[in-house]
Amino acid sequence: MVQAGTHAQQDGFTPEPATAGSTRRPLSPLVGRDEEMARLRAQLLAREAQVLTLTGPSGVGKTRLATELWDDVIGAFRDGGCYLDLADRQDPAGAVRAALGDGPTPLGHPTGEASDHAADHPTGPPLDLDFLLVLDCGSRPPQEVSALVAEFAGRAPRLSVLTVATQVLGVYGERRIQLAPLTVPGAAGCTGPLADVASVRLLVQRTRAVRPGFKLTEENRDAIAQLCVRLDGLPLALELAAARLKVSSPRALLEELDRSCSARRGTAADTMSRHLSIFDAVQHSWAVLDPRRRALLTRLAVFASPFDGAEAGEVLGLTVHEARAALEEFVDRSLLLPQEQPDGSIRFRLLRTSRAYAWEQLADEDGLEPIRNRHAAHVLRRARAAAAQLGGAGQAAALTGLGHTHRDTLAALDHLVHVGDGDKAGELATASLPYWLVRGEAREATVRLTAARAAGVTSTRGRARLAAALGEAQLLAGRYAQAGAELRAALAQHAADGDLVAAVDVQEVLARLAHAEGDLEGAKALLDDVVKRCRELGHEPGLASATGRLAEVHRDLGDLPAAARYGQEAVRRFDDLRDARRAALGRLVLAGVAADGEVPADAEQTVRTARAALSFLYGIGDRPALSYALYVTADLLVRRHGRATGAWERAAQLLSAARSLEKAHGGLPVQLPAAARQDLLTQAGQRLGETAFDEHSRAGARLTAYEAVTLATTPLTPPPAAPQAPPAADTLTRREQEVAALVAEGLTNREVARRLGTAEWTAVNILRKVMRKLDCTSRVQVANRVLSARAAADSELGGPGGLPRVV
């Protein structure tokens, strides 16, 4: 054994020579553990706790990190230290005693037995020992040495013990450090290039060790990212996968993972882990559980998403106390990974590898279908409850909850379709549709709804509701012909069943379809009828929705006062219903109407309202609505700051970001009119020039949703104030004075609009107001009035007069 420092000899205490580190020495650089290394180092050197336990699932790299840490900190301990590998020791307690120089004589407690009072009643004299003891237990339960650790910690205040194990020691004062798998692509907080993601770095590094020419390329990057996700970012799994990539492509290995467990096996040349198979590592960890606990953990594999204690208890049929006790044990043994939530709650998840292992056990024991039935029933109950909240005060919480269980919903739906329970499959798919549409999954929703219908829906009401849901999904997917057929069939069935509320809701969606197809008058007629019927039925949500749609129809018909009137009523009704999402969309419509200048509005307040709506829609994850909100924000920006080059640069980026989001997630069926959006793009190109416009468009396309929202909600720094044209009359507003001055320069309506950064028809409307206020019948008369006012002002100031008149 190699000496690692000299120990003080006191009261007969003479430790044996100590091992300078693990015998499993790393032969490759440590990847992706800088933060964990720094945190562990700081805690050890600051002596914040005597007993630290580094835990984590098998294969996560605990030993690898501990050996690196040992080399880094051992010099800071006066009396050195000892790194003990206890995984295969016959007498781990004896090894600990020998390492600390106590010999075979017990120190007051039988070997291998823990004592609740060991720390409070040390059985030997105090020890002046500044020493680091690392106990690497592998998958072995560390409780065999917990009593000794507590005893020596009580006797030696400067002794630091770091236990490396899949579970905690269970002694008072112990501080646990949970080592999680490496970050995978797409994880929360994972930003930056793919090559910098920790799991990708490790996979590429280890693959290059056996295949020197291997590179991360545009062609293989998606497959590599999927591999890292599929393998949980678990270092052992990534190292074994890297060995397979010696003779395989990333895409082929992904397919192999689906077919065979052998893709998760390797040799001692592939990893420094004790385990040469992922499933062997899982099996070792699970073997320490008693049969009942092992059965519970196996059944938890039915959850496809992270779950909380209440959900686990409901599906497994446990009381609150039983569920809590089981989860605590599973977390202590690193069999479940806890995930902190923003509201302070905790959710839990099984690694995919553990879940695959458990899934096989369930299938072998014929226990898969019963637990999947319980799980599907649980998911359906949750979906019903969430659907009732989506239009009211609990909207944000319901969307968050549906987000937590999204993968579980899909798994339950697949199961219900597989067993042929079309009624429950249809109900689950219909209840989940609003969330899928918010996520921008309209196309995927049509596939899921179609599969549910194919499973066989027996009730006429269920078939009608499923057809209505399918029609709405196809509308948002841009399949207008299919949407119309489904919606009309649903309307006929609801009418036949006497379900008037459901019928009027379908009629409102048909109006949205007419609007999307450009039939504005047809949409208006349908919506007027919907409003009338909703008033008769007392159907407030339908009334609010139809009123909001009327605001959009009147906007596109050019009747801005009516659009503002309907928009204000819709927002008020949505606020009363506490439907924050629809209220935000209504405020965006109002902001666009107010910016056109037809409705008196505080420009600053209009912008603040639009930005608040944009931020809210981003917060709830509504990607289709987000693209619409970015279009509106860009429109407001250039209408307000149209003479500033910076406004057009930002608008070009926002418009490009909106197009990218719409391409990725779809858009609302009714947005800003296509002509208005194209006009914005055309104006931006003309104002910036082709080269600059293309540059800013490319920059916008690269923005993430978060970056686009941040850009849209950051105030634009205004340029230095430009000199204002002399007022043509005291009654004109500032914008009206600007239009009049530009007309006096001889600009056409289109040129005026471009100069001011607004739509041509808006410039025409403002000019008409100017003509009414100045009592002029033509633009020539307006120009002459402006020039006359300038001449008079120049004359009063002693300046040049006699400006030529416009003829």
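Notes on the structure follow.

Cut-offs used in this document
Residues numbered from 1 in each chain as written. Predicted model: local features only at pLDDT ≥ 70, side-chain atom pairs only at ≥ 80, totals over all residues. Heavy atoms only, no water. Helix = DSSP H or I, 4+ residues; strand = E, 2+ residues; numbered from the N terminus. Buried < 20%, exposed > 50% of the residue type's maximum accessible area, 1.4 Å probe, protein only. Contact = heavy atoms within 4.5 Å. Core = buried A, V, L, I, M, F, W, Y, C linked by side-chain atoms within 4.5 Å. Salt bridge = Lys/Arg side-chain N within 4 Å of Asp/Glu carboxyl O. Pairing = 2+ DSSP bridges. Axes fitted to C-alpha atoms, helices over the stretch in contact; angles between N-to-C directions.

## Thoughts on the side chain of Thr166
Moving on, step 1. Within the secondary structure, Thr166 is located in the loop between strand 4 (159–165) and strand 5 (175–178).
Moving on, step 2. Taking the relative accessible area as the measure of exposure, Thr166 reaches 4% and is therefore buried.
Moving on, step 3. If we ignore the near neighbours within four places in the chain, the residues touching Thr166 are Thr55, Gly56, Ser58, Lys62, Gly138, Ser139, Ser285, Asp332, Arg333 and Ser334.

## Here we look at the nonpolar core
Generally speaking, a soluble globular protein has its nonpolar side chains buried in company with each other.
Moving on, step 1. Within the largest apolar cluster, 90 residues are counted, with the highest numbers of intra-cluster contacts made by Leu428, Leu449, Leu588, Leu617 and Leu630.
Moving on, step 2. In terms of residue count, helix 27 (residues 623–641) provides more of this core than any other element does, 11 residues in total.
Moving on, step 3. For Leu428, the residues in contact, after removing those within four places along its chain, are Val379, Leu380, Ala383, Thr409, Ala412, Leu413 and Leu416.
Moving on, step 4. By size, the runner-up hydrophobic cluster in this structure holds 81 residues, among which are Leu40, Ala198, Leu289 and Ala358.

## Comments concerning the environment of Ala644
Moving on, step 1. Looking at the secondary structure, you find Ala644 in the loop between helix 27 and helix 28 (645–665).
Moving on, step 2. Separated by 72 residues in sequence, Ala644 and Leu716 place their C-alpha atoms 9.6 Å apart.

## Some words on the pattern of salt bridges
Moving on, step 1. Applying the stated criterion across every chain yields a total of 38 salt bridges.
Moving on, step 2. Here Asp79 ties to Arg78 by a salt bridge, and the two come within 2.9 Å at their closest N and O atoms.
Moving on, step 3. With relative accessibility at 47%, the residue Arg78 sits in the partly exposed group.
Moving on, step 4. Close ionic contact of Glu311 with Arg382 constitutes a salt bridge, the shortest N to O distance being 3.0 Å. Within this pair, whereas Glu311 is found in helix 11 (residues 309–316), its partner Arg382 is found in helix 14 (residues 368–389), the two being separated by 71 residues in sequence.

## Brief notes about unusual backbone geometry
Glycine aside, residues mostly have negative phi angles, and peptide bonds mostly take the trans form.
Moving on, step 1. One non-glycine residue, Asp232, adopts positive backbone phi at about 65°.
Moving on, step 2. As for its position among the elements, Asp232 is in the loop between helix 6 (221–230) and helix 7 (235–244).
Moving on, step 3. In this model, Arg578 sits at a positive phi of 60°, which is unusual for a non-glycine residue.
Moving on, step 4. Judged by its relative accessible area of 57%, Arg578 falls in the exposed class.

## Considering the sheet that holds strand 5
Moving on, step 1. In space, the 5 strands of this open sheet follow the order 2-3-4-1-5, with parallel pairing throughout. The open sheet has two edge strands with one neighbour each: strand 2 (81–85) and strand 5. Between one strand and the next, the sheet's axes are offset by a mean angle of 15°, whatever the strand orientation.
Moving on, step 2. One ladder, built from 4 bridges, connects strand 1 (residues 51–55) with strand 5; its direction is parallel. Its bridge partner lying in strand 5, Leu54 is registered against Ile177.
Moving on, step 3. Here helix 3 (residues 92–99) sits on the sheet and contacts strand 2 and strand 3 (131–138); the angle it forms with strand 2, its principal contact strand, is near 165°.
Moving on, step 4. Running at roughly 160° to strand 4, helix 4 (residues 146–155) makes contact with strand 1, strand 3 and strand 4 of the sheet.

## Some thoughts on the environment of Thr733
Moving on, step 1. Counting through the fold element by element, Thr733 comes out in the loop between helix 31 (705–713) and helix 32 (734–744).
Moving on, step 2. On the accessibility criterion, Thr733 (39% relative accessible area) is partly exposed.
Moving on, step 3. When the C-alpha atoms of Thr733 and Val770 are compared, they prove to be 9.1 Å apart, with 37 residues separating the residues in sequence.

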